[in-house]
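# Close look at the chain arrangement
Below are the chains, spelled out letter by letter.
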Amino acid sequence: MKKYNNLKQIREIYGATQEQIAEAISVNRVTVANWEAGNSVASGSNREKLSIYYGIGPEFFYDKELTEDAKELIINSANRASEIVSKSNGERNKEADFHNMFESLTFSQALQRYMFSMKLLLATADSGELDKLITASQINEKMGERLKAIIELRQKELSSDQPSLYDLIEKIESDENT
């Protein structure tokens, strides 16, 4: 399978700086630069954060060619973010909002919200259109695949004598802050 690195192109289409991305997902700007240069790759968790930020699936970062439809999604996401900022008279900041959301939300809280959302989905499934139920099931399968990939990577890192990607990133960031 052909590998891609669309991170810089996606960021430029969106109209964000490396500093803005770093702030939004709570990493160092150098980390973003390293991802874009191909010196390292974003973890599964950071890919999900970027996916939420840009409004596209994480498969477009490394696994898929950036299509015109994906580019349009990125542009639309950037336009919606700009609208929110302008409607708030500059009082809102997407990067700060994202940073605060990810800093304040624990995995346990996210898991509880996920479980509640799934229960709501199941509770309303009888009135759902069949094609939408099928799509919801497909989404759930894809999300499960992403979670399994994160689990496999974590298990591999835990069974290794080498430091994890998270540990290495933390080391770089703490070295730069001292």
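Attention here is on the structure that accompanies the text. Since the structure is predicted, the reported quantities are computational estimates derived from the model, not experimental observations. Per chain, residue numbering runs from 1 following the sequence as it is written. Local features in this predicted model are restricted to residues whose pLDDT is 70 or higher, and side-chain atom pairs enter the listing and the counts only when it is 80 or higher, whereas totals over whole chains, interfaces and linings include all residues. Calculated side-chain values reflect all of the structure's heavy atoms, with hydrogen atoms and water omitted.

What makes a salt bridge here is a side-chain nitrogen of Lys or Arg within 4 Å of a carboxyl oxygen of Asp or Glu, nothing more. Tallying each qualifying case throughout the model produces seven salt bridges. One salt bridge connects K3 with D63, and the closest N-O pair in it is separated by 3.2 Å. Here D63 lies in the loop between helix 5 (59-62) and helix 6 (68-87) and K3 lies in the segment before helix 1 (7-14), a separation of 60 residues in the sequence. One salt bridge in this structure joins E68 and K71, with 3.3 Å as the shortest N-O distance. A residue pair is termed a helical-turn pair when its members lie 3 or 4 positions apart in one helix, as E68 and K71 do in helix 6 at three residues. By relative accessible area, E68 is classed as exposed at 57%. Put simply, E48, E59 and R146 are held in one network by salt bridges that share partners. Secondary structure counts use DSSP, requiring at least four H or I residues in a row for a helix and at least two E residues in a row for a strand, with both numbered from the N terminus. Type-normalised accessible area, obtained with a 1.4 Å probe on protein chains alone, sets the label of each residue: buried when under 20%, exposed when over 50%, and partly exposed for intermediate values.

Here an axis means a line fitted to C-alpha atoms, over the contact stretch when the element is a helix, while the angle between two N-to-C directions is reported on a 0 to 180 degree scale. Running from N to C, helix 1 and helix 6 cross one another at 45°; their axes reach a closest spacing of 8 Å. Between helix 1 and helix 6, the angle is such that the two are oblique. The handedness of the crossing between helix 1 and helix 6 comes out as right-handed. Of the residues in helix 6, those in contact with Q9, I10, I13 and Y14 of helix 1 are K71, I74, I75, S77, A78 and A81. Of the residues assigned to the contact of helix 1 with helix 6, the class counts are seven nonpolar, two polar and one charged. What sets the label is the angle itself: under 35 degrees gives roughly parallel, over 145 gives roughly antiparallel, 65 to 115 gives roughly perpendicular, and the rest give oblique. Each crossing is labelled by how the near helix is turned from the far one, with a counterclockwise turn of less than a right angle marking it left-handed and a clockwise turn marking it right-handed. Throughout, a contact is declared for two residues whenever any of their heavy atoms are within 4.5 Å. All amino acids are sorted into three groups, where Ala, Val, Leu, Ile, Met, Phe, Trp, Tyr, Cys and Pro are nonpolar, Asp, Glu, Lys and Arg are charged, and the leftover types, Gly among them, are polar.

Okay, the side chain of S51 next. Within the secondary structure layout, S51 lies in helix 4 (residues 44-54). The contacts of S51, once residues within four sequence positions are left out, are I56, G57, P58 and F61.

Our next topic: helix 3 (residues 29-37). Residues spaced three or four apart along an α-helix point in a common direction, a consequence of the helix completing one turn every 3.6 residues. Those residues of helix 3 lying buried are T31, V32, W35 and E36. The buried side chains of helix 3 occupy one side of the element, clustering within an arc of 135° when seen end-on. Between N or O atoms, a polar contact is any pair within 3.5 Å; within protein, one atom must be a potential hydrogen donor and the other a potential acceptor, and residues adjacent in sequence are included only when both atoms are from side chains. Between the side-chain oxygen of the N-cap and the backbone nitrogen of V30 there are 2.7 Å, and the N-cap of helix 3 in question is N28. G38 lies just past helix 3 and shows a positive phi near 85°. Directions pointing from the helix axis toward each C-beta atom define the arc.

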